[in-house]
Amino acid sequence: MKELTIRTFVKINGDYQLWESLSSEKQKEIGISLNERALRAIGYVPVKKEKTT
C-alpha cells in the first residue's frame, strides 16, 4: 500500500507557497495570525493590558 503524503500550502500575496519552504519566523507569524482569526470567529475579544511606565 502506498503511503499518504500531505503537503501544506499557504497563499501569500496571491502565490501558493509550501509551508516547509517558509522560514520558522514566517511560520510562527502565520500561525499566530491564523489562531487569532479562529478565536475571533468563535467570539473571542482580546483584552488590552495597560502599559505601566
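Please read these numbers as outputs of a predicted model, since none were measured by experiment.

About the criteria used
Residues numbered from 1 in each chain as written. Predicted model: local features only at pLDDT ≥ 70, side-chain atom pairs only at ≥ 80, totals over all residues. Heavy atoms only, no water. Salt bridge = Lys/Arg side-chain N within 4 Å of Asp/Glu carboxyl O. Helix = DSSP H or I, 4+ residues; strand = E, 2+ residues; numbered from the N terminus. Buried < 20%, exposed > 50% of the residue type's maximum accessible area, 1.4 Å probe, protein only. Pairing = 2+ DSSP bridges.

Participant: Explain the pattern of salt bridges to me, please; I cannot follow it from the model alone.
Facilitator: Per the stated rule, a full pass over the model turns up one salt bridge. In this structure, Lys-26 and Glu-29 form a salt bridge, with 3.4 Å as the shortest nitrogen-oxygen distance. Of this pair, Lys-26 and Glu-29 both sit in helix H1 (residues 24–41), three residues apart, which is roughly one turn of the helix. Given a relative accessible area of 46%, Glu-29 falls into the partly exposed group.

Participant: Whenever I open this one, the pairing of strand S2 (residues 15–18) confuses me. Can you help?
Facilitator: On a regular strand, one side chain projects to one face of the sheet and the next to the other, so that they alternate. Sheet topology note: the strand S1 (residues 9–12)/S2 ladder contains four bridges and is antiparallel. Of the residues in S2, the one forming a bridge with Val-10 is Gln-17. What sits between S1 and S2 in their antiparallel hairpin is a turn of two residues, with Asn-13 showing a positive phi close to 55 degrees.

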